[in-house]
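Below, each chain spelled out in residue letters.
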Amino acid sequence: MADLRAFITTPRQNAPAREVDERLSDWKEVYQPQPEPLAQSQAARCMDCGIPFCHQGCPLGNLIPDWNQSVSKGNWQRAYKQLSSTNNFPEFTGRLCPAPCEAACTLAISADAVTIEQTEKEIIEKAFQEGWVDAGVVAKKTNKRVAVVGSGPAGLAAAAQLAAAGHTVTVFERDEAPGGLLRFGIPDFKLEKWVIDRRIDLMKKAGIAFSTGVTVGKDLLWKDVIEEYDAVLLAMGAQKARDLPVPGRDLKQVVFAMDYLGAQNRFNARGQQQSTSLHAQARRVVILGGGDTGSDCLGTALRQGAKQVKQIELLPMPPQRRDMNNPWPQWPMVFRSSSSHKEGGEREFAMLTKKLSGKDGVLKTLHAVKVELNTSGEGGPFREIPGSDIDIPVDLLILAMGFTGPWVQSLVEQTSIQLDARGCIQVNPSFETSLPGVYCAGDAHRGASLIVWAISEGREAARAIDLRLQKKQKTILPTRGHDAYFGGR
């Protein structure tokens, strides 16, 4: 490293955020770029560990100490080469990943972790600025055709890798533009959509075809797609939302988070008229779900001019610091506040919704009760606290309680594909499903997970597909992590 004692002498410094009043008045990204000297000094905090546990935390096996060292010495082009060898889309992960690598950073045992995610973002943006990012060198073209169903991070990563191996790739997307939840689920204040468009343009130059507005299973039969292509990758995500099975659920103004977030993103992109049922202006908003999606809804409601916003979580409030049974380098189960939480709104924990009530078919009140964890082992995981009933006035209720799996009804009806006990698509260690030549990667088989897992599995599935299509023991596509940079096998 440029300064071997930087992890002692240099404190962690996060990327600067725009002022709350400014960012609530628009939909642009919250965090600003780091000045180059600051990015270099932050990268120098990396300890260059003998055993870098950040690798254990990163599903992609990113070469974190390597590119931290390159940045600290000002060798940005080398840092880009190291970063892009394991990650197809650092501009996405550098903005959206919850950074399990930072949780596993050795420095995080007793101090603030290295700003790994931010450095990743600075590397890729520097690379785009300098013109180092291109469509990529395509291997000798094969005569094999691969269909990728779904254009989220798993599908895009697989498509990029398969095209690099020389295959002809078509990506089918049911929405009107590619990107999946990156485009229609993530608010612009976390990921402006020109970032997606910039990457899609490069993929098109690499010869990847995108067929948007096409729902496989409806517009095209699954059997026809499977028969037409030499291999098929299922990367549809897990967008089946968890519902709220309580009396009053059928009242108007109860909406799913993805419908709500997607409506605003479409309006931002094209000025497409939103339904008034999907807008929070001058309304009292309640969000059920304390995770990232709920936080995204909170930031969106504040920007839409909500009168009041309350985010409710069923589980108790997490501790401020790690519990003894949650040691490093595990993901820390601690209380967190996102940029949206710092903008306003209220948060409630350990609260269970009992029923909804309204007037003339329109939601007016959420009836809830405080709960505590039930340690007795009888009667379910929660116990209601007597006398803690509460009625919350609400004009718009957003359900952000997670996802239960992928939408696979047409796939099951039209093929003999096997599902697992959760209703996700079953795969073998090579990501192949029960249908020969049909593979699956990302949330469609994992269940709702992280963007880094989606990209990692997309890359691994592409490698397995290439091995099958080439009918060889070797492939130019790398394995996870170091093998990607040091030549694969």
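Refer to the structure above for everything that follows.
A brief report on the enclosed structure follows. Once a new chain begins, its residue numbering starts again from 1 and follows that chain's sequence as written. Per-residue local features of the predicted model are confined to residues with pLDDT of at least 70, and side-chain atom pairs are confined, for both listing and counting, to 80 or more; whole-chain, interface and lining totals are unaffected and use all residues. The basis for every side-chain value is the complete set of non-hydrogen atoms in the structure, without hydrogens or water.

Here we look at the overall build of the chain
Heads up, the rule is: Under the DSSP-based scheme used, a helix requires at least four consecutive residues in state H or I and a strand at least two consecutive residues in state E, with every element numbered from the N terminus. In this setup the radius of gyration rests on C-alpha atoms only. A globule is expected at 2.2 Å times the number of residues raised to 0.38. The contact criterion used throughout is that any non-hydrogen atoms of two residues lie within 4.5 Å. Using a 1.4 Å probe, the Shrake-Rupley method yields the accessible areas, and only the shown protein chains count as cover for residues. We treat Lys and Arg as the positive residues and Asp and Glu as the negative residues; His and chain ends play no part in the count. Where a charge sits is defined by one atom per residue type, namely NZ (Lys), CZ (Arg), CG (Asp) or CD (Glu).
Along the backbone of the chain there are 19 helices and 15 strands. By the compact-globule yardstick of 23 Å for 489 residues, the chain fits well, its C-alpha radius of gyration being 23 Å. Dimensions of the chain, computed from the C-alpha atoms along their principal axes, are close to 65 × 60 × 50 Å. The contacts of the chain with a sequence gap of at least 6 include a subset with a gap of at least 24, amounting to 68%. Accessible surface, the chain as shown: approximately 22300 Å² in total, 51% of it carbon and sulfur. Averaging the coordinates of the 58 positive side-chain charges in the chain and doing the same for the 55 negative ones gives two points 2 Å apart.

Focus on the pattern of salt bridges
Cut-off, in case you're wondering: The rule for a salt bridge is simple: a side-chain nitrogen of Lys or Arg has to be within 4 Å of a carboxyl oxygen of Asp or Glu. Burial classes follow relative accessibility: with a 1.4 Å probe on protein chains only, a residue under 20% of its type's maximum area counts as buried, one over 50% as exposed, and anything between as partly exposed.
Within this structure, the stated rule accounts for 29 salt bridges. A salt bridge links R446 to E457; the nearest nitrogen and oxygen atoms lie 3.2 Å apart. Here E457 lies in helix α18 (residues 451–470) and R446 lies in helix α17 (residues 443–446), a separation of 11 residues in the sequence. Here E457 falls in the buried class, since its relative accessible area comes to 5%. Members of the salt-bridge network, linked through shared partners, are E29, R95, K121, E125 and R198.

Quick word on the state of the cysteines
Selection rule: Here, two cysteine sulfur atoms that lie within 2.5 Å of each other are counted as a disulfide.
On inspection of all chains with the given rule, the structure shows zero disulfides. You can see C440 has no disulfide; the closest cysteine sulfur is in C424, sitting 8.4 Å from it.

Observations regarding the packing of aromatic side chains
Quick reminder of the rule: Paired rings are identified among Phe, Tyr and Trp, the last through its six-membered ring, by centres lying within 6.5 Å, and are further divided according to the angle between planes into stacked (under 30 degrees), edge-to-face (over 60) and tilted (the rest). For a ring to carry a charge above it, either NZ of a lysine or CZ of an arginine must fall within 6 Å of the ring centroid while also lying within 35 degrees of the normal to the ring plane.
Evaluation of the coordinates by the stated rule reveals five aromatic pairs. Ring geometry for W27 against F189: centres 6.4 Å apart, planes inclined by 25 degrees, an arrangement best described as stacked. Placement of W27 in the loop between α2 (20–23) and α3 (36–43) and of F189 in the loop between α11 (181–184) and α12 (194–205) is noted, with a sequence separation of 162 residues between them. Between F172 and Y229, the aromatic rings sit 6.1 Å apart at their centres with planes inclined by 90 degrees, giving edge-to-face as the arrangement. With F172 in strand β2 (residues 168–173) and Y229 in the loop between α13 (222–228) and β4 (231–234), this residue pair connects regions lying 57 residues apart in the sequence. Sitting over the face of the ring of Y229, R145 holds its NZ or CZ atom 4.4 Å from the ring centroid. A cation over an aromatic ring shows up here: R266 above the ring of F184, its NZ or CZ 3.9 Å from the ring centre.

A few points about helix α14 (residues 257–270)
What counts, and what does not: Helix span, expected: 1.5 Å multiplied by one less than the number of residues in the helix.
Under the 1.5 Å per step criterion, the end-to-end length of α14 is 20 Å for 14 residues, consistent within 8% with the ideal 20 Å. Along α14, the residues classified as buried are A257, M258, Y260, L261, G262, A263, Q264, N265 and R266. For α14, the elements touching its buried residues are α11, β6 (254–256), α15 (292–304), β13 (396–399) and β14 (403–405). With its phi angle positive at about 65 degrees, G271 sits one or two positions after the end of α14.

Examining the packing of helix α5 (residues 64–72) against helix α6 (residues 76–84)
Here is the rule we go by: Axes here mean lines fitted to C-alpha atoms, for a helix over just the part in contact, with angles spanning 0 to 180 degrees between N-to-C directions. Comment on the angle field: the value is read as roughly parallel under 35 degrees, roughly antiparallel over 145, roughly perpendicular from 65 to 115, and oblique elsewhere. Each helix crossing is assigned a hand: it is left-handed if the near helix lies turned anticlockwise from the far helix by less than a right angle, otherwise right-handed if that turn is clockwise. Classification used: nonpolar for Ala, Val, Leu, Ile, Met, Phe, Trp, Tyr, Cys and Pro, charged for Asp, Glu, Lys and Arg, polar for all others including Gly.
Look at α5 against α6: their axes get within 8 Å of each other, and the N-to-C directions meet at 165 degrees. Regarding the angle of α5 to α6, the classification is roughly antiparallel. Read as a crossing pair, α5 and α6 show a hand that is left-handed. Residues D66, W67, S70 and V71 of α5 form the contact with α6, whose own contacting residues are W76, R78, A79, Q82 and L83. Residues belonging to the contact of α5 with α6 are distributed by class as follows: five nonpolar, two polar and two charged.

A short note on the side chain of H167
Counted only if it meets this: Definition of a polar contact: a pair of N or O atoms within 3.5 Å, with one able to donate and the other able to accept a hydrogen when the atoms are protein atoms, and with sequence-neighbouring residues admitted only if both atoms are side-chain atoms.
Of note, H167 is situated in the loop between α10 (153–164) and β2. Polar side-chain contacts of H167 include one of 2.8 Å to the side chain of T142. Ignoring sequence-local partners within four residues, the contact set of H167 consists of K141, T142, K144, V146, L162, D466, L469 and Q470.

Quick word on the sheet that holds strand β3 (residues 209–212)
For the record, the criterion: Strand pairing requires that DSSP identify at least two bridges connecting the strands.
The strand order β3-β2-β1-β4-β15 describes an open sheet built from five strands, whose pairing is parallel. The sheet terminates laterally at β3 and β15 (438–440), the two strands that pair on one side only. Each strand of the sheet is rotated relative to its neighbour by a mean of 20 degrees, with strand direction disregarded. Alignment of β2 against β3, held across four bridges, turns out to be parallel. Within β3, the residue paired with V171 across the bridge is F210. Sheet contacts for α10: β1 (145–149), β2, β3 and β4; angle to β2, the most-contacted strand, approximately 165 degrees.

Some points on the environment of A108
Relative to the assigned elements, A108 resides in the loop between α8 (100–103) and α9 (116–130). Sequence separation between A108 and P329 is 221 residues, and the spatial gap between their C-alpha atoms is 8.5 Å.

Concerning the environment of D360
With respect to the helices and strands, D360 occurs in the loop between β10 (351–359) and β11 (362–373). The spatial distance from the C-alpha of D360 to the C-alpha of K28 is 38 Å, given a sequence separation of 332 residues.

Description of the sheet that holds β10
Taken in spatial order, the three strands line up as β10-β11-β12 in an open sheet, and their pairing is antiparallel. Either end of the sheet is taken by a strand with one partner, and the two such strands are β10 and β12 (382–393). On average, each strand axis in the sheet is inclined to that of its neighbour by 20 degrees, with strand direction left out of account. Two elements, β10 and β11, share eight bridges in a ladder whose sense is antiparallel. For K355, the partnering residue across the bridge sits in β11 and is H367.

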